[in-house]
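The lines below spell out each chain.
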Amino acid sequence: MHQVLKNFIVLEGLDGAGTSTQLSALGEILKTKSREYHLSCEPSDGPIGKLIRQILKGAITVHSDTLAYLFSADRKEHLYAPEKGVLAQLNNNKMAISDRYFYSSLAYQSIKSDFDFVYELNKDFPLPEHLFFLDISPEIGEKRLSSRDEKEIFEIPEIQIKVRDNYYRCFERLKNAGGSIHILDGTAAIEEITLKIRNILGL
Ligand code: TYD
């Protein structure tokens, strides 16, 4: 059974699902409340996250297992870094919201690496109290990403189809592990999605 971190919230989805947009929208709302909060994302902006960005851009090529190790190493820092880490923020009574977490590793890295291998690397990370999956079809994702100049290595329609399947496989595996998994229609209006999240979080 995984440990569940209260007040830790995670946003997940395919590329183009709108997790960054929702992260900013929630930040704007939290600014107007007395509630202290901390927003973060994976890959992080730390040294391991920067290396990962190079790989995602295609500037560096590594074995898929290596990328899985890097994401879990980046995650360890994201969670446990003294002062800046999610755990430290939660201990300071803040609400911590992250754009992506280990669910992304299970969905993306298990395309080329073995699912159980990726699961093993991530199994000791605590669960968020709430996970919001912004569900879109790979076709919608592709349309949304087509306006962006630089493509990352996973931003390919055939890969996104597998990513979505893997997300669902991962939710099935974790449905009784603790924490709540909320699957939201990622094609709804931005404000509508934010409102749904706010209602669930009581913001
Ligand atoms: P994304 O979060 O979409 O940020 P941006 O919009 O700035 O590109 O990009 C991160 C990419 O990294 C995305 O394709 C998902 C992928 N990813 C993994 O493959 N594994 C992981 O564990 C994480 C956190 C992300």
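In the block above lies the structure referred to throughout.
We now turn to the structure provided with this report.

Along helix H6 (residues 115-122), the positions that sit buried rather than exposed are Phe115, Val118, Tyr119 and Asn122. Taken around the axis of H6, the buried residues stretch over an arc of 100°, which confines them to a single face. On its buried face, H6 sits against helix H3 (64-80), helix H5 (102-108) and helix H8 (157-174).

Let's shift gears to the pairing of strand E3 (residues 95-99). Burial runs high along E3: 5 of the 5 residues are buried. Both faces of E3 are covered, namely the face carrying Met95, Ile97 and Asp99 and the face carrying Ala96 and Ser98. Pairing analysis gives 4 bridges linking strand E1 (residues 4-13) to E3, with the strands arranged parallel. Within E3, the residue paired with Leu11 across the bridge is Asp99. Strand direction decides the pairing type here: strand E2 (residues 37-41) and E3, joined by 5 bridges, are parallel. From the neighbouring strand, His38 faces E3, where its bridge partner is Ala96.

This brings us to unusual backbone geometry. Cis rather than trans, the peptide bond between Glu42 and Pro43 has omega equal to -5°. Looking at where Pro43 falls in the secondary structure, it is placed in the loop between E2 and helix H2 (47-57). A positive phi is found at Asn93, a non-glycine position, where the angle reads about 65°. Residue placement: Asn93 occurs in the loop between helix H4 (86-91) and E3. By relative accessible area, Asn93 is classed as exposed at 64%. Phi is positive for Arg100, close to 80°, though the residue is something other than glycine. Looking at where Arg100 falls in the secondary structure, it is placed in the loop between E3 and H5.

Cut-offs and rules
In every chain, residue numbers begin from 1 and rise along the written sequence. Side-chain atom pairs in this predicted model are given and counted only at pLDDT of 80 or more, local residue features only at pLDDT of at least 70, and totals for whole chains, interfaces and linings cover all residues. Values reported for side chains reflect all heavy atoms of the structure, with hydrogen atoms and water molecules removed beforehand. For every residue, the accessible area (1.4 Å probe, protein chains only) is compared with the maximum for its type, and the residue is labelled buried under 20%, exposed over 50%, or partly exposed between those bounds. Under the scheme used here, helices are H or I runs from DSSP no shorter than 4 residues and strands are E runs no shorter than 2 residues, and both carry numbers assigned from the N terminus. The arc in question is the one spanned by the directions pointing from the helix axis to the C-beta atoms. In this description, contact between two residues means that some pair of their heavy atoms is separated by no more than 4.5 Å. What makes two strands pair is DSSP finding at least two bridges between them.

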